[in-house]
Amino acid sequence: MRDQEWPPGLAVAQVRVARPTDRLAEVVEFYSGCLGLPELYRFTGHAGYDGVMLGLPGTDYHLEFTSHAEGSPGPAPTQENLLVLYFDGDTRMQETVVRLGEAGHEPVELENPYWAENGALAFPDPDGWLVVLVPRPVF
């Protein structure tokens, strides 16, 4: 599945997942400093917004976090709103788990038992959104 192209009629060039936060610096530290996602771009004062885009391999897929000068309320989602990162083996995943632990982030139990059964660990970001680390890809 990794080498497949987008389906006909949906020739997407990039994918960005964006969400607001009132804790921009903390969120960027979690995703960039702890998880290790590289910072691709940063902007300030754009129509009252500040933001940071963090990359995934190839920069065709990235996360964007924004904060508005008047506040960017972003209540924590349900326990089933997840960003899932699959690793190529336990060792690679554990390197990230250690970095998160050294920064004071502890894993939390997930609602769906599927994740624990497959060796996954979940860490809440500063806004309460869950990032799930899984030791092996499913496909």
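Being a predicted model, the structure only gives us computed values, none of them experimental. (Residues numbered from 1 in each chain as written. Predicted model: local features only at pLDDT ≥ 70, side-chain atom pairs only at ≥ 80, totals over all residues. Heavy atoms only, no water.)

## Considering the overall build of the chain
Stated precisely, the cut-off is as follows: Secondary structure elements follow DSSP: runs of H or I no shorter than four residues count as helices, runs of E no shorter than two count as strands, and numbering proceeds from the N terminus. Here the globule rule reads 2.2 Å times residues to the power 0.38, and the radius of gyration is calculated from C-alpha atoms. The buried label applies to any residue whose accessible area, calculated with a 1.4 Å probe on protein chains only, is under 20% of its type's maximum; exposed applies above 50%, and partly exposed to all values in between. Note on areas: Shrake-Rupley with a 1.4 Å probe; residue coverage comes only from the protein chains shown. Under the counting rule used here, the positive set is Lys and Arg, the negative set is Asp and Glu, and His together with the chain ends is not counted. To locate a charge, take atom NZ for lysine, CZ for arginine, CG for aspartate or CD for glutamate.
Looking only at helices and strands, one finds 3 helices and 7 strands in the chain. Along the chain, helices (α) and strands (β) appear in the sequence β-α-β-β-β-β-α-α-β-β when read from the amino end. Relative to the 2.2 N^0.38 estimate, which gives 14 Å for 139 residues, the radius of gyration of the chain is 16 Å and therefore close to what a compact globule would have. A principal-axis box enclosing the C-alpha atoms of the chain has dimensions of 45 × 45 × 25 Å. For the chain, the residues scored as buried account for 32% of the 139 residues in total. Within the structure as shown, the chain displays about 8700 Å² of accessible surface, and the carbon and sulfur contribution to it stands at 53%. Here the chain carries 8 positive and 21 negative side-chain charges, and the mean point of each set is 4 Å from the other.

## Quick notes on the sheet that holds strand E3 (residues 49–55)
Within a sheet, adjacent strands bond to each other through the backbone by hydrogen bonds, running parallel or antiparallel. So the rule is basically this: The pairing criterion for strands is at least two bridges between them, as found by DSSP. In this description, a line fitted to the C-alpha atoms serves as the axis of each element, helices being fitted only across the stretch in contact, and the angle between N-to-C directions of two axes falls anywhere from 0 to 180 degrees. Note on contacts: a residue pair qualifies if any of its non-hydrogen atoms lie within 4.5 Å across the two residues.
Overall, mixed pairing links the 4 strands, which are arranged E1-E4-E3-E2 in an open sheet. Of all strands in the sheet, those bounded by a partner on one side alone are strand E1 (15–20) and strand E2 (39–46). On average, adjacent strands in this sheet sit at an angle of 15° to one another, irrespective of strand direction. Of the strands in this sheet, E1, E2, E3 and strand E4 (61–68) touch helix H1 (residues 24–34), which is tilted by about 165° from E4.

## A few points about the pairing of strand E6 (residues 121–124)
Relative to strand E7 (residues 130–134), E6 runs antiparallel, the two being bridged by 4 bridges. Looking across to E7, one finds that Pro-124 is bridged to Leu-130. Between E6 and E7, which pair antiparallel and follow one another directly, the connecting turn spans 5 residues, one of which, Gly-128, has a positive phi of 95°.

## Some details on unusual backbone geometry
Excluding glycine, residues mostly carry a negative phi; peptide bonds, for their part, are mostly trans. Phi at Ala-47 takes a positive value of approximately 55°, unusual for a residue other than glycine. Counting through the fold element by element, Ala-47 comes out in the loop between E2 and E3. By relative accessible area, which is 63% here, Ala-47 ends up exposed.

## Brief notes about the pattern of salt bridges
As a working rule, side chains carrying opposite charge can pair if their charged atoms are close by. Stated precisely, the cut-off is as follows: The salt bridge criterion pairs a side-chain nitrogen of Lys or Arg with a carboxyl oxygen of Asp or Glu, the two atoms within 4 Å.
Inspection of every chain in the model, using the stated rule, returns 6 salt bridges. Of the charged contacts, one joins Asp-90 and Arg-136 as a salt bridge, the two residues approaching to 3.6 Å between their closest N and O atoms. Of this pair, Asp-90 sits in helix H2 (residues 90–102) while Arg-136 sits in the segment after E7, and the two are 46 residues apart along the sequence. Judged by relative accessible area, Arg-136 falls into the partly exposed class, the value being 43%. Overlapping salt bridges, with partners in common, bring together Arg-19, Arg-23, Asp-125 and Asp-127 in one network.

## Considerations on a nonpolar patch on the surface
Note the threshold: In this analysis, a patch consists of residues with relative accessible area above 30% that form no salt bridge, clustered at 9 Å for like charges and at 5 Å for the nonpolar side chains Val, Leu, Ile, Met, Phe, Trp and Tyr.
Taken together, the side chains of Tyr-86, Tyr-114, Val-138 and Phe-139 present a nonpolar region at the surface, about 440 Å² in accessible area. Here Tyr-86 shows up in strand E5 (residues 82–86).

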